[in-house]
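# Reading the structure
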Amino acid sequence: QEKVASLFDLLDEDNDGTVKREDLERVLRKAGLQSWTQEQISALFGPSDTKGDGRIDIDNFTDWLFREEGNRKLLDDDFEAKFEEEPALVPYDGPRWMLHDRKTNKVPRTSLRKQPSPAEDYLRAAAINGEILEVRAVCGEFANVKLAMTGTTGWVRQR
């Protein structure tokens, strides 16, 4: 019971006593459980969202958790250890706009990452040498940028 409450609290990001679908998706991604399909996630919110407002409370969550054996994987001891807090964004006080330059013509582009992480989790977008970027925030060695031509946002490693 304590483990269930702890897991629910982990999912209840705004501490309002309910969990939203986006909260569950975020936690599953962070825990490396991307194999969960939209159908599996919908299986939680379909019958468990008794009010139809896109939120579930702890009682609904507990019912869902023990309804199918696969759902209980969330109670594994290492689940919470896999979960990492959202990275802390630091406002960027340097130049707001910059020219992208990899200092090489061999690979004249930098792929944008989905998260400020060394994991190779890339978007289908890249900054090309000579392209203008808007630097929006920093997180450790990564900068959150917006490509001026397409408006695409993502993360690049600062060098």
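Residues numbered from 1 in each chain as written. Predicted model: local features only at pLDDT ≥ 70, side-chain atom pairs only at ≥ 80, totals over all residues. Heavy atoms only, no water.

## Focus: the nonpolar core
- Within the largest apolar cluster, 13 residues are counted, with the highest numbers of intra-cluster contacts made by Val19, Phe61 and Leu65.
- Mapped onto this core, the elements with two or more residues apiece are helix 1 (2-11), helix 3 (38-48) and helix 4 (58-67).
- Broken down by element, this core gets its largest block of residues, five residues, from helix 1.
- If you look at the next biggest cluster of nonpolar residues, it comprises ten residues, including Ala125, Ala127, Val138 and Val156. (Core = buried A, V, L, I, M, F, W, Y, C linked by side-chain atoms within 4.5 Å. Buried < 20%, exposed > 50% of the residue type's maximum accessible area, 1.4 Å probe, protein only. Helix = DSSP H or I, 4+ residues; strand = E, 2+ residues; numbered from the N terminus.)

## A short note on helix 1
- Of the residues making up helix 1, those classed as buried are Val4, Leu7, Phe8, Leu10 and Leu11. Angular distribution of buried residues about the axis of helix 1 spans 155°; they occupy a single face of the element. The outward face of helix 1, more than 90 degrees from its buried face, is lined by the exposed residues Glu2 and Asp9. (Arc of directions from axis to C-beta.)

## What to know about helix 4
- Among the residues of helix 4, those classed as buried are Asn60, Phe61, Trp64 and Leu65. The buried side chains of helix 4 occupy one side of the element, clustering within an arc of 135° when seen end-on. Projecting away from the buried face of helix 4 at angles above 90 degrees are the exposed residues Asp59 and Asp63.
- Of the residues flanking the start of helix 4, the one acting as N-cap is Asp57, its side-chain oxygen 3.2 Å from the backbone nitrogen of Asp59. (Polar contact = N/O pair within 3.5 Å; in protein donor to acceptor, adjacent residues only side chain to side chain.)

## A short note on the pattern of salt bridges
- Applying the stated criterion to the full structure yields four salt bridges.
- Between Asp16 and Arg55 there is a salt bridge, and its shortest N-O distance comes to 2.5 Å. With a gap of 39 residues between them, Asp16 in the loop between helix 1 and strand 1 (19-20) and Arg55 in strand 2 (residues 55-56) connect regions that are remote in the sequence.
- Given the relative accessible area of 29%, Arg55 is considered partly exposed.
- For the salt bridge of Arg157 with Glu141, the shortest nitrogen-to-oxygen distance reads 3.1 Å. Highlighted residues: Arg157 in strand 9 (residues 153-157) and Glu141 in the loop between strand 7 (132-139) and strand 8 (142-147), separated in sequence by 16 residues.
- Assessed through its relative accessible area of 27%, Arg157 is described here as partly exposed.
- For Glu141, a relative accessible area of 42% gives the class partly exposed. (Salt bridge = Lys/Arg side-chain N within 4 Å of Asp/Glu carboxyl O.)

## Examining the environment of Asp12
- Here Asp12 shows up in the loop between helix 1 and strand 1.
- Here the alpha-carbon distance between Asp12 and Leu24, two residues twelve residues apart in the chain, equals 8.7 Å.
- Beyond its immediate chain neighbours, meaning those up to four positions away, Asp12 contacts Gly17, Thr18 and Val19. (Contact = heavy atoms within 4.5 Å.)

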